[in-house]
Amino acid sequence: MNEATIVTANRLTWAGVVPFLATAIIGAIGWWQQPLLQVFLVYSAVILSFLGGIHFGLVMADKLAKPQGSLIICMLPALVGWGAVVFLPALWALVVLAILYMLWVKYDVRRVGEKWYEKLRQPVTFVVAGTHFLWFITVATELRVGA
C-alpha cells in the first residue's frame, strides 16, 4: 500500500476512535448515561464486525492461507459482539467486548502481516479497550451507588 493510503487509513482509524472516547467521557461525567451506554455498546459491536470483515476481504483478494477457516473465524467478532450486546447485561457486555478486542488484535496483526497495520492497530485497540474499562467503572459505580 502506498504512503498516502496508509496516512488516510491512520486518520480514518483514529477518527473512528472518537465515538468511543466521546461516549465514554460524557457517560463518565454523568450526562445521558443510559442512552450513551447503548450507543457505545452498539458501536463497539459494529466496529468488531468491521474488524472481522477485513479478513473476509483478504480472503476475497486471495491474500490469506486456509481461506475456509479464515472465513469462519472472521465471523466471530460480529457474532460475539452481537450476542454480547443483545443477550448480556451491560456490565458483562463491556467485559466481553473488551476481551474480544484484546484477543482479536493478536490474531488480526498476525494474519494481516503488515507492519504499518500492526503499528496502528495496537495503540488503537489499547484506547478502545480503555474506553470499555471506563464504561465498566462508570456502570459498576452506578450499580453500587444505586444499590
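All of these numbers come straight from a predicted model, not from anything done at the bench.

Examining the side chain of Ser70
Piece 1. Here Ser70 lies in helix 4 (residues 67–73).
Piece 2. Within the structure, the side chain of Ser70 is placed 3.5 Å from the backbone oxygen of Ala65, a separation counted as a polar contact.
Piece 3. Discounting chain neighbours no more than four positions away, the residues touching Ser70 are Val59, Leu64, Ala65, Tyr107 and Arg111.

Observations regarding the environment of Thr131
Piece 1. By secondary structure assignment, the location of Thr131 is in helix 7 (residues 115–146).
Piece 2. Thr131 gets classed as buried once you look at its relative accessible area, which sits at 4%.
Piece 3. In sequence terms Thr131 and Leu97 are 34 residues apart; their C-alpha atoms lie 11 Å from each other.

Focus: the packing of helix 2 (residues 18–29) against helix 3 (residues 33–60)
Piece 1. Where helix 2 meets helix 3, the closest approach of the two axes is 9 Å, and the angle between their N-to-C directions is 155°. For the element pair helix 2 / helix 3, the angle class is roughly antiparallel. Here the hand of the crossing between helix 2 and helix 3 comes out left-handed. Listed contacts from helix 3 to Pro19, Phe20, Thr23, Ile26 and Gly27 of helix 2 are Gln33, Leu36, Val39, Phe40, Tyr43, Ser44 and Ile47.
Piece 2. By residue class, the composition of the contact of helix 2 with helix 3 is eight nonpolar, four polar and no charged.

Things to note about the nonpolar core
Piece 1. Formed by 31 residues in total, the largest nonpolar core has its most connected members in Leu41, Leu94 and Trp135.
Piece 2. Elements with a minimum of two residues in this core: helix 2, helix 3, helix 5 (76–87), helix 6 (90–112) and helix 7.
Piece 3. When residues of this core are assigned to their parent elements, the largest contribution, 11 residues, is made by helix 6.
Piece 4. Among residues more than four places away in sequence, those in contact with Trp135 are Thr23, Ala24, Gly27, Gln33, Leu36, Leu37, Phe40 and Leu94.

Quick word on the packing of aromatic side chains
Piece 1. Under the counting rule described, the total for this entry stands at eight aromatic pairs.
Piece 2. Centroid distance Trp104 to Tyr107: 4.8 Å. Interplanar angle 45°. Geometry classified as tilted. Linking Trp104 with Tyr107, this pair stays in helix 6, spanning three residues, or about one helical turn.
Piece 3. Assessed through its relative accessible area of 5%, Trp104 is described here as buried.

Thoughts on the pattern of salt bridges
Piece 1. For the structure shown, the criterion picks out two salt bridges.
Piece 2. The partner of Asp108 in a salt bridge is Arg121, with the nearest N and O atoms 2.6 Å apart. Here Asp108 is found in helix 6, whereas its partner Arg121 is found in helix 7, with 13 residues between them in sequence. Taken individually, Asp108 and Arg121 each receive the classification buried, so the pair is uniform in this respect.

Here's the deal with helix 3
Piece 1. Look at helix 3: 40 Å from first C-alpha to last across 28 residues, which is about the 40 Å you get at 1.5 Å a residue.
Piece 2. Within helix 3, burial applies to Gln33, Leu36, Leu37, Phe40, Leu41, Ser44, Ala45, Leu48, Leu51, Gly52, His55 and Val59.
Piece 3. Taken from the residues just after helix 3, Asp62 is the one with a positive phi, measuring 60°.

A word on the environment of His55
Piece 1. Relative to the elements of secondary structure, His55 occurs in helix 3.
Piece 2. With 20 residues separating them in the primary sequence, His55 and Met75 have C-alpha atoms 9.1 Å apart.
Piece 3. Apart from the residues within four sequence positions on either side, His55 is in contact with Leu64, Cys74, Trp104, Tyr107, Asp108, Arg111 and Val112.

Calculation criteria
- Residues numbered from 1 in each chain as written.
- Predicted model: local features only at pLDDT ≥ 70, side-chain atom pairs only at ≥ 80, totals over all residues.
- Heavy atoms only, no water.
- Helix = DSSP H or I, 4+ residues; strand = E, 2+ residues; numbered from the N terminus.
- Polar contact = N/O pair within 3.5 Å; in protein donor to acceptor, adjacent residues only side chain to side chain.
- Contact = heavy atoms within 4.5 Å.
- Buried < 20%, exposed > 50% of the residue type's maximum accessible area, 1.4 Å probe, protein only.
- Axes fitted to C-alpha atoms, helices over the stretch in contact; angles between N-to-C directions.
- Parallel < 35°, antiparallel > 145°, perpendicular 65-115°, else oblique.
- Left-handed = near helix turned anticlockwise from the far one by under 90°.
- Nonpolar A, V, L, I, M, F, W, Y, C, P; charged D, E, K, R; others polar.
- Core = buried A, V, L, I, M, F, W, Y, C linked by side-chain atoms within 4.5 Å.
- Phe/Tyr/Trp six-rings, centres within 6.5 Å; stacked < 30°, edge-to-face > 60°.
- Salt bridge = Lys/Arg side-chain N within 4 Å of Asp/Glu carboxyl O.
- Expected span 1.5 Å × (residues − 1).

Limitation: the analysis is restricted to geometry and does not speak to function.
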